[in-house]
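Listed below, chain by chain, are the residues.
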Amino acid sequence: EYLRQHYDRLETNELIRLRSTDLTPEAKVVLETELASRSLEHTSFAASASVSAPRPLAPPVLAPLRRRFAATALDYAGLFVVLFGVNFPMYLYTPKSFSDLIGNASIAVALVYFFFKDGLNGQSLGKRLLKIKVLDRATDEPCRLSRSLIRNLFNGLGLIDWLFALGREKRRLGDYAAETYVVNA
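Note that the structure is a prediction, hence the values are computed from the model and not measured. (Residues numbered from 1 in each chain as written. Predicted model: local features only at pLDDT ≥ 70, side-chain atom pairs only at ≥ 80, totals over all residues. Heavy atoms only, no water.)

### Considerations on the nonpolar core
Using the following cut-off: We define the nonpolar core as a collection of buried residues of types Ala, Val, Leu, Ile, Met, Phe, Trp, Tyr and Cys that are connected through side-chain atoms lying within 4.5 Å of one another. Under the scheme applied here, a residue whose accessible area is under 20% of the maximum for its type counts as buried, over 50% as exposed, and between as partly exposed, the area being computed with a 1.4 Å probe on protein chains only. To qualify as a helix, a DSSP run of H or I must reach at least 4 residues; to qualify as a strand, a run of E must reach at least 2; elements of each kind are numbered from the N terminus. Here, two residues are considered to be in contact whenever any of their heavy atoms come within 4.5 Å of each other.
With eight residues, the main nonpolar core is built from Tyr-7, Leu-10, Leu-15, Leu-23, Ala-27, Val-30, Leu-31 and Leu-35. Top element by residues in this core is helix 3 (residues 25-47). It accounts for four residues. What Leu-15 contacts, discounting residues up to four positions off in sequence, is Tyr-7, Leu-10, Leu-31, Glu-34, Leu-35 and Arg-38. Formed by six residues, the second largest nonpolar core is a distinct cluster that contains Ile-132, Val-134, Cys-143 and Val-182.

Structural data, given as structure tokens:
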């Protein structure tokens, strides 16, 4: 949003000069979108002064790593609280066979949640709270269940998976495998 507003204030010739500088991939996309919208505006103005061209939608902005990490921490913490809140009373107040059944069922539910959490409109509960979303890289649509599974299989690698997010594209190893990326919602 900041880049779009900044580029909106610059003259077209200044934007053209910016093309030759070293910009981030996101900044290049916003720059090209702004130049394209100005080209459309000039073309439509020449054709008809009463109709202006619609501005294209701004491309999504990558979510900061700190918010992504916080969303993951919220998911883990929330699930721990729920599992502990259910299983501990069951262990204390029900027969062992029943508490074991509930314990095993809750572990199964937790595993299903962690593998498919991003396939629900591209947002886990933590991502929804922090207003970020996982998108399919090819279509820019919210992540689907199949991509969520592939993406989250790499969570077991822990730090190794997250080290990839320090790269230029800010994508975890799981994001590369699933062809996804995380943006501000």
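### Remarks on a nonpolar patch on the surface
Note the following rule: Like-charged residues are merged into a patch within 9 Å and nonpolar side chains (Val, Leu, Ile, Met, Phe, Trp, Tyr) within 5 Å, provided each residue has over 30% relative accessible area and no salt bridge. Here the open area of atoms and residues is found with the Shrake-Rupley method and a 1.4 Å probe, where only the protein chains shown may cover a residue. Salt bridges, as used here, are contacts in which a Lys or Arg side-chain nitrogen is within 4 Å of a carboxyl oxygen on Asp or Glu.
The grouping of Phe-80, Val-81, Phe-84, Phe-88, Tyr-91, Leu-92 and Tyr-93 at the surface amounts to a nonpolar patch, some 860 Å² of accessible area in total. Take Tyr-91: it is sitting in helix 4 (residues 65-93).

### Some remarks on the environment of Asn-155
Following the sequence through the fold, Asn-155 ends up in the loop between helix 7 (145-153) and helix 8 (159-163). Each C-alpha atom, one on Asn-155 and one on Leu-173, is 9.0 Å from the other, the two residues being 18 residues apart in sequence. The residues contacting Asn-155, other than those within four sequence positions of it, are Tyr-76, Lys-117, Asp-161 and Arg-172.

### Some details on the packing of aromatic side chains
Cut-off, in case you're wondering: When the centres of two rings from Phe, Tyr and Trp lie within 6.5 Å, Trp using its six-membered ring, the rings pair. Their planes under 30 degrees apart give stacked, over 60 give edge-to-face, and anything left gives tilted. Whether a charge lies above a ring is judged from NZ of Lys or CZ of Arg, which has to be within 6 Å of the ring centre and within 35 degrees of the ring normal.
Counting across every chain of the model gives six aromatic pairs. On the basis of an interplanar angle of 80 degrees and a centroid distance of 5.8 Å, the ring pair of Phe-69 and Trp-162 is categorised as edge-to-face. Of the two residues, Phe-69 is situated in helix 4 and Trp-162 in helix 8; the sequence distance between them amounts to 93 residues. The interplanar angle of 25 degrees and the centroid separation of 4.5 Å between the aromatic rings of Tyr-76 and Phe-114 together place this pair among those described as stacked. Highlighted residues: Tyr-76 in helix 4 and Phe-114 in helix 5 (residues 96-116), separated in sequence by 38 residues. On the accessibility criterion, Tyr-76 (42% relative accessible area) is partly exposed. Chaining the aromatic ring pairs together yields one cluster made of Tyr-76, Tyr-113 and Phe-114. The cationic tip of Arg-171 hangs over the ring face of Tyr-176; the distance from NZ or CZ to the ring centre is 4.3 Å.

### A word on helix 5
At 3.6 residues per turn, the α-helix brings residues three or four places apart onto the same side. Rules: In this scheme, a helix's expected span is set at 1.5 Å multiplied by one less than its residue total. Directions from the helix axis toward the C-beta atoms define the arc.
With 21 residues, helix 5 should reach 30 Å at 1.5 Å per residue; the first-to-last C-alpha distance of 30 Å fits that figure. Of all the positions in helix 5, only Ser-99, Gly-103, Ser-106, Ala-110, Tyr-113 and Phe-114 are classed as buried. Along helix 5, the residues classed as buried sweep out an arc of 90 degrees about the axis, all on the same side. Exposed side of helix 5, more than 90 degrees from the buried face: Ser-97, Leu-101, Asn-104 and Val-109 are the residues found there. At its buried positions, helix 5 is contacted by helix 4, helix 6 (125-129) and helix 7.

### Overview of the packing of helix 4 against helix 5
Condition: For helices, the fitted line uses only the C-alpha atoms of the stretch in contact; every axis is such a line through C-alpha atoms, and the angle between N-to-C directions lies from 0 to 180 degrees. Any angle between 65 and 115 degrees counts as roughly perpendicular, while under 35 counts as roughly parallel, over 145 as roughly antiparallel, and the rest as oblique. Any residue outside Ala, Val, Leu, Ile, Met, Phe, Trp, Tyr, Cys, Pro, Asp, Glu, Lys and Arg is labelled polar, Gly included; the first ten of those are nonpolar and the last four are charged.
Relative orientation of the contacting elements helix 4 and helix 5 amounts to 170 degrees, with a least axis distance of 9 Å. Judged by the inter-axis angle, helix 4 sits roughly antiparallel to helix 5. Taken together, the residues of helix 5 that come into contact with helix 4 (itself represented by Asp-75, Tyr-76, Leu-79, Leu-83, Val-86, Asn-87, Met-90 and Tyr-91) are Phe-98, Ser-99, Ile-102, Gly-103, Ser-106, Ala-110, Tyr-113 and Phe-114. The residue makeup of the contact of helix 4 with helix 5, split by class, is eleven nonpolar, four polar and one charged.

### Topic: helix 7
Among all positions in helix 7, only Ser-148, Arg-151 and Asn-152 are buried. Taken down its axis, helix 7 places every buried residue within 85 degrees of arc, on the same side. Buried residues along helix 7 sit against helix 4, helix 5, helix 6, strand 1 (132-136), helix 9 (173-178) and strand 2 (180-184).

### Some points on the pairing of strand 2
Here is the rule we go by: For two strands to be treated as a pair, DSSP must find no fewer than two bridges joining them.
Counting buried positions along strand 2 yields four of five residues, so the element is predominantly enclosed. In this sheet, strand 2 lies alongside strand 1 in antiparallel orientation, the contact comprising five bridges. When the bridges of strand 2 are listed, Leu-135 appears paired with Tyr-181.

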